[in-house]
Amino acid sequence: MTKTANMKEILPAFPEENIDMFAATSVLQQQAAEIRNLNPNWSSYLQSQMISQDVFDFISAYDVTDAKGQFLNDNRPQSAKAFFSLLEHISKESTIQYVLVLIDDLLTEDRSRVEIFHEYALKKNEPVCGNFLNLLNAADGFINNMSARIIAKFACYSTDLINQTDLQFYLNWIKEQLLSANNEYMQSVARCLQMLLRRDEYRTAFISVDGISTLLSILSGRVNFQIQYQLIFCVWVMTFNPRLAERMNKFNVIPILADILSDSVKEKVTRIILAVFRNLIEKPEDNTTSKEHCIAMVQSKVLKQLSIFEQRKFDDEDIVEDIQFLNERLQASVQDLSSFDEYATEVKSGRLEWSPVHRSAQFWRENASRLNERNYELLRILVHLLETSRDPLVLSVASFDVGEYVRHYPRGKHIIEQLGGKQLVMQLLSHDDANVRYEALLAVQKLMVHNWEYLGRQLEKEQGTSTDRTTALTGKA
C-alpha cells in the first residue's frame, strides 16, 4: 500500500449517499442475506487440517458471539490472520461466500476496521488486497463481486492507497464487468466505482484505463435509471478535480448527458446531471475551457431544458440553485457567442447539423482560415468524422464544410489532401444515402475546380514563358 497525506475529498452529500453505498435492493445483497444464514462446519476443516487450531478457535467464537465488535478489538492481530487463512485454505464456494460476507459486514459496521487488515498485511509484508484480487477470477459471481466490494472498502476507507499494479488490475476488472452484457451484478460493480472515485488519487488512474469512454459508451445506450444515476455520479465526483474537469468534454460528456437530461423522468438523475454541468463550469481553472463548456451546453439544447425545469416545482434546493446558476451562465455565454465559437463547439461535439453558420457564405469568407488554428484541429475532427461517423446527417454536413473550406481558403485543397480528407469524400460518392452522395459530389467538384484553376494558371504561365523565348530568338515582338 502507498501512504497518502491527502485524505478523502469532502464531497457534497446527496440523499441517496447517506445510506450504505451498496443498496440492499441489489442482487448481491439479496444473496448475502441468504448466505448469512449458513452454518459452516468449522470442525470438519480442523479435522482435515485445512485450518489451524487458533483459526478454528477464533472463527468458532466469532460466529456465535453477539458482541462481535468487542471480540474483534480484543483479538485484533488474530482477526485478520484468521480471515486471510480461511480464504487461502478453504475451497468450498459456500464457505468462501460466508467468510466474505462476515468480512464485509464487519467493515460496513465500522470503517476503521480496515486498519486491522492493513496492520496484519504490513507485518507480513504482503498486499492487503491480494486474496480478494485473486477471487475476482473465481467462477462464482457472488464471490467475484463481494470480493470487489471489499476491495473498494479497503481502497476508500483506509489512510493508505492501493498500489498501482493492484489498482490497474482492479480498475480493468471493473471496466470489463461494466461492459459485460446482461451482468446481474451491474449495480454492485457501479457501487464499487462510486466508492473508489471518491478519492482523487484514483481518478486519474481510472481515466488511464479508458474509464470515461467506458462510462459514456454505456450511458449512450439503453440502461435503467439506477445505473444511469450511479455512472453519472462517477462522472460527477471526477469533475471535482480541476484538471479532469477541463478534459471531460473531450469525451463528449456534455451532449451525452444533455440527451439523458431531456429524457429523464427521475429527479435524482436530473439532479446529478445538473451538478456535473455546474462543476464543468465552476471547476476548470482555465476560463476559456469553462466558456467552451457553456457553449457546448447551449449547443446541446440545455438552455431549452432549463426553461422547462423552471416551470416545475422541485423540493430539492440544490436543483433549484443549479438551474438558476446554469441559466445565468449559459445566457451570458450566448450574449458573447460568436458564430465561429458556435461552429467550433458544434464540430468538437461531433454532432453536426444544418445550423445557420454552415450555409453562410459570409461565415466562410471570414473564418475559413481559422480552421487552420491549433494545428488544423477542427479540420482534423471533420476528417475523423468523415472516416468514422455512421450518421448520414453528420457525413453530409462534414462533406459540405470540407468543400466550403477548400473554396474559401487558397491552400485548402492541399491541406485537405494532406489530412486524408479528399479520399474520404470521394469514397462517400457511393454512400447508401442520397443526401450524403449529393454533398460529397459537391465537395469533390469544389476540390476539382481548384485543381482546374491551378492547371489553368500553370498553362498561362508556361504559354507566357514560351512566347518570351520565341521573341528573344526571332527578335520579333
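These numbers come from a predicted model, not from an experiment.

(A) Broad picture of the overall build of the protein. Each helix and strand in the protein was counted, giving 28 helices and 2 strands. Here the protein, with 477 residues, has 52% of them falling under the buried criterion. A separation threshold of at least 6 residues defines the contact pool for the protein, and within that pool the share at least 24 residues apart is 72%. Of the accessible surface of the protein, which amounts to about 22,900 Å², a share of 48% is contributed by carbon and sulfur atoms.

(B) Spatial organisation of the side chain of serine 396. If you trace the backbone, serine 396 turns up in helix α25 (residues 392-408). Its relative accessible area of 3% is what places serine 396 among the buried residues. Each residue touching serine 396, except ones within four places of it in the same chain, is listed here: Trp354, Asn435, Val436 and Glu439.

(C) Just the side chain of asparagine 144, in detail. Here asparagine 144 shows up in helix α9 (residues 141-157). Leave out the neighbours within four places in its chain, and asparagine 144 touches Leu135, Leu136, Asn137, Ala138 and Trp173.

(D) Geometry of helix α24 (residues 373-388). Look at α24: 23 Å from first C-alpha to last across 16 residues, which is about the 22 Å you get at 1.5 Å a residue. By the largest-angle criterion, arginine 380 marks the main kink of α24, which is about 35°. All buried positions along α24 are accounted for by Leu378, Leu379, Leu382, Val383, Leu385 and Leu386. Contact partners of the buried residues in α24: α21 (339-349), α25, α26 (412-419) and α27 (421-427).

(E) Expanded view of the nonpolar core. Of all hydrophobic cores here, the largest spans 120 residues; its most connected members are Phe83, Phe117, Tyr170 and Phe277. The element that contributes the greatest number of residues to this core is α9, accounting for 11 residues. Among all residues touching phenylalanine 117, those that are not within four sequence positions of it are Ala80, Phe83, Phe84, Ile103, Leu106, Leu107, Val128 and Phe154. Counting residues in hydrophobic clusters, the runner-up holds 36 residues, among them Ala344, Val394, Leu424 and Ala443.

(F) Molecular detail of the environment of arginine 203. Of note, arginine 203 is situated in helix α12 (residues 203-208). Residue classification places arginine 203 among the buried residues on the basis of a relative accessible area of 0%. Taking the C-alpha atoms as reference points, arginine 203 and methionine 238, separated by 35 residues in sequence, lie 6.2 Å from one another. Engagement of the side chain of arginine 203 in a polar contact is seen with the backbone oxygen of arginine 198, the distance being 3.2 Å.

Analysis parameters
- Residues numbered from 1 in each chain as written.
- Predicted model: local features only at pLDDT ≥ 70, side-chain atom pairs only at ≥ 80, totals over all residues.
- Heavy atoms only, no water.
- Helix = DSSP H or I, 4+ residues; strand = E, 2+ residues; numbered from the N terminus.
- Buried < 20%, exposed > 50% of the residue type's maximum accessible area, 1.4 Å probe, protein only.
- Contact = heavy atoms within 4.5 Å.
- Areas by Shrake-Rupley, 256 points an atom, 1.4 Å probe, with all protein chains shown as cover.
- Expected span 1.5 Å × (residues − 1).
- Bend = angle between axes of the 7 residues up to and from the residue.
- Core = buried A, V, L, I, M, F, W, Y, C linked by side-chain atoms within 4.5 Å.
- Polar contact = N/O pair within 3.5 Å; in protein donor to acceptor, adjacent residues only side chain to side chain.

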